[in-house]
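Structural description and commentary
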Amino acid sequence: MNDNALTGTVSEEIGALDLLEDIYMGQNHYSGGISFLSNIPSVRKLTLHKNQFQGTIPTNLTLNNAIDIDISFNKLTGVLPDAEGFQSLKILNLDHNQFTGTIPDYGKIGNGSLVILDLSFNALEGSVPAAWVNASNKDDILSIHTINVRNNNLMNTVDNNICKLGVSNQGSLVQLEADCDICRCAIDFCSDCQ
């Protein structure tokens, strides 16, 4: 159902489809809340980007089977969900919304399996959690490839240990996008800030 100029709200009855694994509803004109997501635990791929969804992400959201969630380019508000409900997640795109609060410790998602995290163009505060890289066991360190936190209200400098996740340090991080006033990763990242 991607890119069909569909309008209206999404019915809570979609939860009756308990074997539903893939939801492609992006690039339409859906509006209303996304509370229907709390009823679909079997979802693996969720694409709701570029709609008119508003309100908050349900606090009881548990999508432990989801590997790819894209709810970007909507009008969602409130705080970001914690990592507890996303145990298999590899890609999380929540950019271009109106989220506030701090960034949760997404380093715990799927035992560090998160590969892409895009939280850009929101109103998030605080900092990128240093806990993502402060694991005592090297195997527990986040193996992320892309972090985008540009255009938020983050005030604290990106922790130097996150900078060290870059591929030039045998890490996995290929792309780190952050505003110049908080990014000091001069060698691998933020080169356009100098």
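Quick notes on the rules
- Residues numbered from 1 in each chain as written.
- Predicted model: local features only at pLDDT ≥ 70, side-chain atom pairs only at ≥ 80, totals over all residues.
- Heavy atoms only, no water.
- Salt bridge = Lys/Arg side-chain N within 4 Å of Asp/Glu carboxyl O.
- Helix = DSSP H or I, 4+ residues; strand = E, 2+ residues; numbered from the N terminus.
- Buried < 20%, exposed > 50% of the residue type's maximum accessible area, 1.4 Å probe, protein only.
- Pairing = 2+ DSSP bridges.
- Axes fitted to C-alpha atoms, helices over the stretch in contact; angles between N-to-C directions.
- Phe/Tyr/Trp six-rings, centres within 6.5 Å; stacked < 30°, edge-to-face > 60°.
- Lys NZ or Arg CZ within 6 Å of the ring centre and 35° of its normal.
- Contact = heavy atoms within 4.5 Å.

All right, on to the pattern of salt bridges then. All chains considered together, the criterion is met by two salt bridges. The residue lysine 45 makes a salt bridge to aspartate 68 at a minimum N-O spacing of 2.6 Å. Of this pair, lysine 45 sits in strand β4 (residues 45-47) while aspartate 68 is found in strand β6 (residues 68-70), placing the two residues 23 residues apart along the sequence. For aspartate 68, a relative accessible area of 12% translates into the label buried. Between arginine 150 and glutamate 177 there is a salt bridge whose closest N-O contact spans 2.6 Å. Here glutamate 177 lies in strand β14 (residues 175-177) and arginine 150 lies in the loop between β12 (146-148) and β13 (153-154), a separation of 27 residues in the sequence.

Glancing now at the sheet that holds β12. Read across the open sheet, the seven strands follow the order β2-β4-β6-β8-β10-β12-β14; overall the sheet is parallel. Sheet topology places β2 (22-24) and β14 at the edges, where each strand pairs with a single neighbour. Ignoring strand direction, the axes of neighbouring strands in this sheet form an average angle of 10°. Across three bridges, the pairing between strand β8 (residues 91-93) and strand β10 (residues 116-118) is parallel.

The backbone of aspartate 3 shows a phi angle near 55°, a positive value even though the residue is not glycine. Here aspartate 3 is to be found in the segment before β1 (7-8). Since its relative accessible area comes to 55%, aspartate 3 is described here as exposed. Positive phi outside glycine occurs at phenylalanine 73, with the angle close to 55°. Within the element layout of this structure, phenylalanine 73 appears in the loop between β6 and β7 (75-79).

Below, the discussion takes up the sheet that holds strand β5 (residues 52-56). Taken in spatial order, the five strands make up an open sheet running β1-β3-β5-β7-β9, and their pairing is parallel. Pairing within the sheet leaves two strands with one partner each, and these edge strands are β1 and β9 (98-100). Bridge count between β7 and β9: three bridges; the pairing is parallel. Bridged to threonine 77 within β9 is glutamine 98.

Here we take up the packing of aromatic side chains. Considering all chains together, one arrives at two aromatic pairs under this definition. Taken together, a centroid distance of 6.1 Å and an interplanar angle of 15° make the contact between tyrosine 30 and phenylalanine 53 stacked. Of this pair, tyrosine 30 sits in strand β3 (residues 29-32) while phenylalanine 53 sits in strand β5, and the two are 23 residues apart along the sequence. Among the residues examined, phenylalanine 53 registers a relative accessible area of 0% and is labelled buried. Here the aromatic rings of phenylalanine 36 and phenylalanine 53 are separated by 6.1 Å at their centres, their planes lie at 50°, and the arrangement is tilted. With a gap of 17 residues between them, phenylalanine 36 in the loop between β3 and β4 and phenylalanine 53 in strand β5 connect regions that are remote in the sequence. An aromatic cluster of three or more residues is present, and its members are Tyr30, Phe36 and Phe53. The ring centre of phenylalanine 73 lies 5.3 Å from the NZ or CZ of lysine 50, which sits over that ring.

Mapping valine 174 onto the fold places it in the loop between α1 (160-163) and β14. Taking C-alpha positions, valine 174 is 8.6 Å from phenylalanine 189, a pair spaced 15 residues apart along the chain. Beyond its immediate chain neighbours, meaning those up to four positions away, valine 174 contacts His145, Val167 and Phe189.

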